[in-house]
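What follows is each chain in one-letter form.
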Amino acid sequence: LRRLLRRSVRFGKKLGINEPFMYKLVSSVCEVMCDAYPELLEHKAEVQALILQEEELFRKTLDAGEKKLQELMQNSNDHTISGHDAFKLYDTYGFPFELTLETLKENGFTVDKEEFDKYMEEQRTQAKNSRKTESMMHAQNEDLMNFTKESKFIYDVYEVKSNIIGLFKDGKEVRELDKEGLTVFKKTCFYAEAGGQISDTGMIIGKTFKARVLDVMKGPNGQNLHKVKVLSGTMKLNEDCLLQLDVERRKNIENNHSCVHILQRALQEILGTKVHQAGSKVTDEYLRFDFTYASKISEDTIIKVEDRVNEIINEAITPLTQEMPLEDAKKLGAMALFSEKYKDIVRVVTIGNSIELCGGTHTKNTKDIKRFAIVSLENKGANVFRIEAVT
């Protein structure tokens, strides 16, 4: 599909079309295919934004590559381009080799394809060696890959008593840990980074040790892996301990995450339901929300959005979380990310009129957020906007 898009852009340019045009076909495709695929209409704006972005990126590549290729042809004495120069066009400028062949043929030039193939083979060999090194690194983590003991994440608590069921040092399973490594607990209140929300930090306290949680990530088999630094003593397998979050940090994250949901709802109320999320970032210091919208957004509109978010915050809403089959969530009208894949049973978070599929953590009540302020609105191009805000 990308190759088809690139050829279309190039031939469009030859016909004198000097601006993106392929994305405009999305509406026609949706009209023709919507009976069989009704979800096309729901995601039309996102698809348009993605295709427009791809067109704009390739147009820059095409302009730079064609300019360099013209220079090479002007400096050639025998109507031949070296394989090295053709490879450089591909490797440095991202200019596809098939387009190099087409352009040269149109201008009566040839290329040393044998030399080009030699450079391509060298690149493949380097990539293969790189993958081999990566494979060796994965082999060192075989213990982690084979670790299948169940670990449960507990929502809505800031500390929990648990038991150490796994300890890993440099990917190898160990029975004791006295410096840095990875730990797995039978149950944990530490959130692993996912869905745009950063991980928790905090302390692990045992009878004979203290350790600092620096980061939390999802393991190969779904457990939360806690990256820890042992501050004193030694962590031992099967030892009981107390897990304590950095509570204020977590609460700030929860406030910001809930505001992402409220912000999306406010945008849809004011700009219309064609607003769709295109990504987000939630930290303890700020929130970032990317969305698609096929028009300009005025400063007055942004002020209205900010005011509306604060109105919802002041309604003192207690978020409701439910687990249900994906089909039931869709019937409720739950919003979801177009690019995400969801399990059959999903977690639905409802905050007032906002209903979304979400695995993250949220404030206990919107009144705890107190105040929301938009710091910036940036047009990222291709009908994608980015809001950064604080609470």
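To start, this report covers the structure provided alongside it. If you're wondering where the values come from, they're calculated on a predicted model, not measured in any experiment.

Attention now moves to the overall build of the protein chain. Helices and strands together make up the secondary structure of the protein chain, namely 11 helices and 20 strands. The principal-axis extents of the C-alpha atoms in the protein chain amount to approximately 80 × 55 × 40 Å. Counting the 391 residues in the protein chain, one finds 43% classified as buried. Considering only contacts within the protein chain whose residues lie at least 6 apart along the sequence, 68% involve residues at least 24 apart. Summing over all exposed atoms, the protein chain offers an accessible surface of approximately 21,800 Å²; the carbon and sulfur share of this is 49%. Measuring between centres, the 58 positive side-chain charges of the protein chain sit 3 Å from its 62 negative side-chain charges.

This part covers the side chain of E356. Among the secondary structure elements, E356 is positioned in strand β18 (residues 354-357). No salt bridge is formed by the buried E356, whose closest oppositely charged neighbour, R265, lies at an N-O distance of 8.8 Å. Of the polar contacts made by the side chain of E356, one reaches the side chain of Q264; its length is 2.9 Å. Setting aside its immediate chain neighbours within four residues, E356 contacts H261, Q264, Q277, A334, M335, R347, V348 and V349.

Attention now moves to a nonpolar patch on the surface. On the surface, L25, V29, V32, M33 and Y37 cluster together into a nonpolar patch covering about 470 Å² of accessible area. Relative to the helices and strands, V32 is located in helix α2 (residues 26-33). On the basis of relative accessible area, V32 is assigned to the exposed category, the value being 64%.

Structurally, I313 can be placed in helix α10 (residues 299-314). The buried category is assigned to I313, whose relative accessible area is 0%. Sequence separation between I313 and N365 is 52 residues, and the spatial gap between their C-alpha atoms is 8.5 Å. Residues in contact with I313, not counting those within four places in the same chain, are C259, I262, T366, K367, I369, K370 and F372.

On to the pattern of salt bridges, then. Inspection of the entire model under this criterion finds 13 salt bridges. A salt bridge links R250 to E254; the shortest N-O distance between them is 3.1 Å. Of this pair, R250 and E254 are both found in helix α9 (residues 247-271), 4 residues apart, which corresponds to roughly one turn of the helix. Taking the relative accessible area as the measure of exposure, E254 reaches 2% and is therefore buried.

So, about the state of the cysteines. Working definition: the covalent bond between the sulfur atoms of two cysteines is a disulfide. In the structure shown here, the tally under the stated rule is 0 disulfides. Between C30, a cysteine without a disulfide, and C34, which holds the nearest cysteine sulfur, the sulfur-to-sulfur distance is 7.7 Å. The buried category is assigned to C34, whose relative accessible area is 19%.

One open sheet holds the 4 strands; their spatial order is β14-β15-β20-β19, and the pairing between them is antiparallel. Since the sheet does not close on itself, it has two edges, and those belong to β14 (276-282) and β19 (373-381), each with one partner. Across the sheet, the axes of successive neighbouring strands diverge by a mean angle of 20°, strand direction being ignored. With 6 bridges connecting them, strand β15 (residues 287-292) and strand β20 (residues 384-390) associate as antiparallel partners. Along β20, the bridge assignment pairs L287 with A389. Relative to β15, α9 is tilted by about 30°, and along the sheet it contacts β14, β15 and β20. Its contacts with the sheet put α10 on β19 and β20, and the angle it makes with β19 is roughly 130°.

Here the focus is the nonpolar core. Counting residues in each nonpolar core, the largest one holds 31 residues, and the members touching the most others are L263, L267, F291, V309, F372 and I387. At the level of elements, α9, β15, α10, β17 (345-351) and β20 are the ones that each hand at least two residues to this core. With 8 residues, α9 is the largest single contributor of residues to this core. The contact partners of F291, leaving out residues within four places of it in the chain, are L267, L271, V275, H276, Q277, A278, I297, L377, N383, V384, F385 and I387. Core analysis: the next-biggest nonpolar cluster, separate from the first, contains 21 residues, Y158, F190, V216 and C241 among them.

Once that is clear, we can look at the sheet that holds β18. Taken together, 3 strands build an open sheet; the order of strands is β16-β17-β18 and the sheet is antiparallel. At either margin of the open sheet sits one strand with a lone partner, and together these are β16 (320-325) and β18. On average, adjacent strands in this sheet sit at an angle of 25° to one another, irrespective of strand direction. With 4 bridges joining them, β17 and β18 adopt antiparallel strand pairing. Counted as the bridge partner of I351 is S354 from β18.

Viewed as axis vectors pointing N to C, α2 and helix α4 (residues 44-74) meet at an angle of 140°, and their least axial separation amounts to 10 Å. The angle between α2 and α4 falls in the class oblique. When the axes of α2 and α4 are compared, the crossing they make is right-handed. Residue-level contacts link V26, S27 and C30 of α2 to K44, V47, Q48 and I51 of α4. Tallied by class, the residues present in the contact of α2 with α4 amount to 4 nonpolar, 2 polar and 1 charged.

Calculation criteria
Residues numbered from 1 in each chain as written. Predicted model: local features only at pLDDT ≥ 70, side-chain atom pairs only at ≥ 80, totals over all residues. Heavy atoms only, no water. Helix = DSSP H or I, 4+ residues; strand = E, 2+ residues; numbered from the N terminus. Buried < 20%, exposed > 50% of the residue type's maximum accessible area, 1.4 Å probe, protein only. Contact = heavy atoms within 4.5 Å. Areas by Shrake-Rupley, 256 points an atom, 1.4 Å probe, with all protein chains shown as cover. Lys, Arg positive; Asp, Glu negative; His and termini not counted. Charge placed at Lys NZ, Arg CZ, Asp CG, Glu CD. Salt bridge = Lys/Arg side-chain N within 4 Å of Asp/Glu carboxyl O. Polar contact = N/O pair within 3.5 Å; in protein donor to acceptor, adjacent residues only side chain to side chain. Patch = residues over 30% accessible without salt bridge, like charges linked within 9 Å, V, L, I, M, F, W, Y side chains within 5 Å. Disulfide = S-S within 2.5 Å. Pairing = 2+ DSSP bridges. Axes fitted to C-alpha atoms, helices over the stretch in contact; angles between N-to-C directions. Core = buried A, V, L, I, M, F, W, Y, C linked by side-chain atoms within 4.5 Å. Parallel < 35°, antiparallel > 145°, perpendicular 65-115°, else oblique. Left-handed = near helix turned anticlockwise from the far one by under 90°. Nonpolar A, V, L, I, M, F, W, Y, C, P; charged D, E, K, R; others polar.

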